[in-house]
Amino acid sequence: MRFRGKLMDIECIQHFTRVVSTVSKLAKTCTLKIDRSKLYFILQGNVVSGDISIWCELPQCHIFTEFNMEGLSEDADEIFLELTPENIVKAMKSARNAKWVKMKLTNKHIPCITFEVELPSLTNLPRTVIHDVPVCVIPRRSWAEFQEPKLTDFDISIYMPPLKVVKNIVDRMKHLGNFVMLSVNRNGEMTLKVETDLVSVSTHFYNLTCPNSRSWSKDPSVTRTPTQSCHHFVEARVNIQKLAQFVSSQQVVPQKVVCNIHANRTVHFLLLHNDVTLQYFLPVVSM
């Protein structure tokens, strides 16, 4: 297996850093999948245990000036690595003003992704910083565990208000209780509510847009068939700390955020920003 990429545009370097930083705020460890077209950051949580799941895609052609990879074999032309995304963020901190950054899969007693950073110099001598980020190569027999989650027939979809606004609200609510009730209807209304024996606090949003699933889903089979009045609220009760973690993690300001609710099962957030898509799956907690 081989992987080598070179980033030369400072905007691409900063964009890549922001994407990885977002992932690092959501997961301590994750899986990096590399194929010839994209990089994927994956976290497959156990829904039964209430774990979150993440699927983030980044087209390599929008980041790398040079890109070469060889997978395990011709019929398995992919690479799967387990790593700590925060280590990549630390390596990229030295690249804020870099002339270029090279990434390469290496073996230095243990498998690593080596980051070679060329910094500006006041002399003719190059200034190069090298970081080795340890990784664990995932064997092919385990690849099936890291497939993109299949999107179900959600009960409702809605475009979220600005995440900065939602973050400010959730940050205040999380001190009042452990769970928040997310309620959405097809009239463009959304409510966040925390209720305990001592207090009940809710925030209401109006005039939001409910998109057609075909406008954001890559799977044309994903459809939503309305079965209720547009004023009927679909509800989902989720862990407020995990929701706060999601809305606080965004280093990339998304153009749109779609919230999809499968009542009594999953709340699915889809962030859309130019070339980046990030899916965040948050299990519903029963009453």
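How each quantity is defined
- Residues numbered from 1 in each chain as written.
- Predicted model: local features only at pLDDT ≥ 70, side-chain atom pairs only at ≥ 80, totals over all residues.
- Heavy atoms only, no water.
- Helix = DSSP H or I, 4+ residues; strand = E, 2+ residues; numbered from the N terminus.
- Rg over C-alpha atoms; globule rule 2.2 N^0.38 Å.
- Buried < 20%, exposed > 50% of the residue type's maximum accessible area, 1.4 Å probe, protein only.
- Contact = heavy atoms within 4.5 Å.
- Areas by Shrake-Rupley, 256 points an atom, 1.4 Å probe, with all protein chains shown as cover.
- Arc of directions from axis to C-beta.
- Pairing = 2+ DSSP bridges.
- Salt bridge = Lys/Arg side-chain N within 4 Å of Asp/Glu carboxyl O.

(A) Here's a closer look at the overall build of the protein. Within the protein, the regular secondary structure consists of four helices and 18 strands. Against the globule reference of 19 Å for 287 residues, the protein gives a C-alpha radius of gyration of 21 Å, in line with a compact fold. With the C-alpha coordinates of the protein rotated into their principal frame, the extents come out at 65 × 45 × 30 Å. Residues counted as buried form 49% of the 287 residues belonging to the protein. Within the protein, contacts between residues at least 6 apart in sequence are counted, and of these 64% link residues at least 24 apart. Only carbon and sulfur atoms are counted for the fraction: they give 50% of the accessible area of the protein, which is about 14700 Å².

(B) Expanded view of helix α2 (residues 85-92). Where α2 is concerned, the buried positions are Pro85, Ile88, Val89, Ala91 and Met92. Along α2, the residues classed as buried sweep out an arc of 160° about the axis, all on the same side.

(C) Quick peek at the sheet that holds strand β4 (residues 53-59). The antiparallel open sheet is built from nine strands, whose spatial order is β10-β6-β2-β3-β4-β18-β17-β16-β11. Of all the strands in the sheet, just β10 (136-137) and β11 (156-159) have a single pairing partner and so form its edges. Here six bridges tie strand β3 (residues 38-43) to β4, and the two strands are oriented antiparallel to one another. Paired with Leu43 across the strands is Ile54, a residue of β4.

(D) Geometry of the environment of Ile138. Inspection of the secondary structure assignment puts Ile138 in the loop between β10 and β11. Residues Ile138 and Val247 lie 109 residues apart in sequence; the distance between their C-alpha atoms is 30 Å. Among residues more than four places away in sequence, those in contact with Ile138 are Thr31, Phe80, Leu81, Glu82, Trp143 and Phe146.

(E) View of the pattern of salt bridges. One pass over the full model with this rule turns up nine salt bridges. Here Lys33 and Glu78 are joined by a salt bridge, their closest N and O atoms 3.5 Å apart. Here Lys33, found in strand β2 (residues 30-34), pairs with Glu78, found in the loop between β5 (66-70) and β6 (79-83); they are 45 residues apart in sequence, far enough to count as distant. Judged by its relative accessible area of 9%, Lys33 falls in the buried class. Residue Glu78 is classed as partly exposed on the basis of its relative accessible area of 22%. Residues Asp77 and Arg36 are paired through a salt bridge, measuring 2.5 Å at the closest nitrogen-oxygen approach. Placement of Asp77 in the loop between β5 and β6 and of Arg36 in the loop between β2 and β3 is noted, with a sequence separation of 41 residues between them. Residue classification places Asp77 among the partly exposed positions, given a relative accessible area of 24%. We classify Arg36 as partly exposed; its relative accessible area is 49%. Because the salt bridges share partners, they merge into one network encompassing Lys167, Asp171 and Lys174.

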